[in-house]
Amino acid sequence: MPQFRTLPDILQHWAQEKPDSEAFIFRDKNQRRNVLTWASLYTLAGRFAAVLRDKGIARGDLVINTLPNSPERVVCEAGIWMVGAVSVNGQCLMADGSDLLNTITQSRAPAILVDPDVTKSPWNVLKNHVVMDDAEHVTSSQLACLKMVIFVRRVENEGRGDFIGQLKAQEEWFQAEDMKPEEDSFSGFTTSGSTGFSKLVMRRQGPSIRHAASVEKIIKGKYLCIAPMGHSVGAIIFTAISGSIRVVCDMRAGVPHDIVQFLWHCIQEEKCNTAVFSPTHLLKMAQMADMASSLHRLDVLLLTGLPIQRFMIDKGLKMAHNLFIFYAGTEIGIACGMMVKESQTFTDHDSGQPLTDVQVKIVRAEDEAKLCATGQVGHILLKGPALMTGYLNDAKATADAFTEDGFYRTGDFGRLDERGHLIVNGRGSDAIMRGVYIFYPSWIEKRLRECPGVDDVVVVGVPDAEVNEELCACVVLKSDDVSMEHVRQFAEEIFVSKDDVMSACPRYFLKFEPFPQSEAGKKPRKVIKTQAAQRLGLMSASN
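This write-up is about the structure you can find in this document. (Residues numbered from 1 in each chain as written. Predicted model: local features only at pLDDT ≥ 70, side-chain atom pairs only at ≥ 80, totals over all residues. Heavy atoms only, no water.)

## With respect to the pattern of salt bridges
And then number 1: Summed over the entire model, instances satisfying the criterion amount to 33 salt bridges.
And then number 2: Where Arg-252 meets Asp-115, a salt bridge forms, and the shortest distance between an N and an O atom there is 2.5 Å. Linking Arg-252 in the loop between β12 (245-249) and α9 (259-270) with Asp-115 in the loop between β5 (111-114) and α5 (123-126), this pair joins segments that are 137 residues apart in sequence. When sorted by exposure, Arg-252 lands in the same class as Asp-115, which is buried.
And then number 3: A salt bridge links Asp-400 to Lys-396; the shortest N-O distance between them is 2.8 Å. Placement of the pair is Asp-400 and Lys-396 together in helix α12 (residues 395-401), with a separation of four residues, close to one helical turn.
And then number 4: Counted as one network, the salt bridges with shared partners bring together Glu-22, Arg-27, Arg-33, Lys-222, Glu-269 and Glu-270. (Salt bridge = Lys/Arg side-chain N within 4 Å of Asp/Glu carboxyl O. Helix = DSSP H or I, 4+ residues; strand = E, 2+ residues; numbered from the N terminus. Buried < 20%, exposed > 50% of the residue type's maximum accessible area, 1.4 Å probe, protein only.)

Written as structure tokens, this is what we have:
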């Protein structure tokens, strides 16, 4: 593989090496197909970079990108690279937009990209906090850093106002020449926060290029990945480094009614070589494989996000010849991994050996200065080339994330076995893991306690065969005049979409009266969690 210095260098290389080859294949909810070639991507990205430069965006500036996975999102991400700026993921999952407003404030970004025409557009919230002129310049007393809102629209048949159509008609083009890959960041990924607001993990170009190259041999040919491009797993850097063809859902055209059916058709019709998706989809996918009269199997299926169990290996091998199991995170990149071809010798929760230059320590929960013996469970600490340098503009969170000797506190429990493999037991806190997303219950509980008639709330994770754990709100009401349906409706008004796996809206609501109490007079969360699962009749995901 060529040795790349910067991300624009990568785009230029593939545009010259294979200009007419597919870079991104977009399939919408109706399986209609749209393609970006390497030449068209490089050209459109350079033209958008010229637009950003003319608007005053320069090397090192932060631009918040709220666009869904789409050709527009890819062109904007690459255009931000070309101008030397930093793309910051901007998600808006709270109905009042408080999470997006917090990201704008925390990042101090001068510009934001929005599509005002999509369902539940972030613009619906943002427009109440800014005053904008005809040139998309804004002023805001609350968001003093924000200087411009850039509209990225899609118009049928590339009509007037269509973003892609406008770039195709444009001649001006730009690529920054003064980048320093070991210093310059290219992206700010959002990660879970205990307050309900995302923290921002900045990624520098040089280390990220080298890290992505470490898994380049695994991602080959057509690579199916529908993860959000603003999150580390879905980042387009993996496609850029490998020169592979990414197959992705065009979310701008709408969310597929059945995401598993969508994935299945993409794999079978595109003849994908590699795919990454949550283990939560495996059960249904394996059932479809059993019923199929003909089956195209993947060369490699990448699995991460949950502690992997043997039954998942059996399901995955129905879809692929090989499974790549890996342990990763926004702050740490891919830290451990292994290739699996059969389930007989697989140990539940095995994440493989640490990758090159990655160090893993297992320390005692009560004293992280003391190492655990081989096979002993403790807190997982990590250090490696892909480790973040810190959270943007959050010195306290950064300090809390690291030990004195520079190891990152993952928040997970696990052990190292005699082979040196990392066995991950799960989260070490009250955090709930739904699919690949982590939810901290304290801030959700705080919001639900604002519901009129609610006396107290405990949010717990209950077993779910598809997403590992589902959020369950256990509620004590002030009187019988208040119904649980009232609480449910209140919750659904807070969160943007209760059907989105990223939404913090609980799926279950249970009435308690009152909560059980420990001998110390505290609410025993584990007891409430067990009682909730029993009342719902839920078994563990492995059964």
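There's plenty left to go through after this.
## Here's the deal with empty space enclosed by the protein
And then number 1: Using the criterion set out here, one finds five cavities of 30 Å³ or more in the structure.
And then number 2: Volume-wise, the largest cavity comes out at about 80 Å³.
And then number 3: Elements supplying a minimum of two residues to the lining of the largest cavity: α10 (282-291) and α11 (310-319).
And then number 4: It is α11 that provides the largest number of residues to the lining of the largest cavity, a total of three residues.
And then number 5: Classifying every residue of the lining of the largest cavity gives eight nonpolar, three polar and three charged.
And then number 6: Considered as a void within the structure, the second largest cavity measures approximately 60 Å³ in volume.
And then number 7: Lining the second largest cavity we find Ile-332, Ile-334, Ala-335, Val-358, Leu-382, Lys-383, Gly-384, Pro-385, Ala-386 and Leu-387.
And then number 8: Elements supplying a minimum of two residues to the lining of the second largest cavity: β16 (333-340) and β20 (378-383).
And then number 9: Here the lining of the second largest cavity is composed, by residue class, of eight nonpolar, one polar and one charged. (1 Å grid on protein atoms, 1.4 Å probe; cavity = no way out; pocket = protein on both sides within 12 Å on 5 of 7 lines; lining within 4 Å. Points joined across faces, edges and corners; volume = space filled by probe spheres on them. Nonpolar A, V, L, I, M, F, W, Y, C, P; charged D, E, K, R; others polar.)

## Thoughts on the packing of aromatic side chains
And then number 1: Scanning the entire structure with this criterion turns up 12 aromatic pairs.
And then number 2: Centre to centre, the rings of Phe-402 and Tyr-408 are 6.0 Å apart; their planes meet at 70 degrees, and the pair counts as edge-to-face.
And then number 3: Geometrically, the ring pair formed by Phe-512 and Phe-515 is tilted, given 5.5 Å between the ring centres and 45 degrees between the ring planes. Phe-515 carries the same exposure label as Phe-512, and that label is buried.
And then number 4: Among the aromatic side chains, those forming a connected cluster through ring pairs are Phe-4, Trp-14 and Trp-38.
And then number 5: Above the plane of the ring of Trp-14 lies Lys-18, whose end atom (NZ or CZ) is 4.6 Å from the centre.
And then number 6: A cation over a ring is seen here: Arg-434 above Phe-439, with NZ or CZ 5.0 Å from the ring centre. (Phe/Tyr/Trp six-rings, centres within 6.5 Å; stacked < 30°, edge-to-face > 60°. Lys NZ or Arg CZ within 6 Å of the ring centre and 35° of its normal.)

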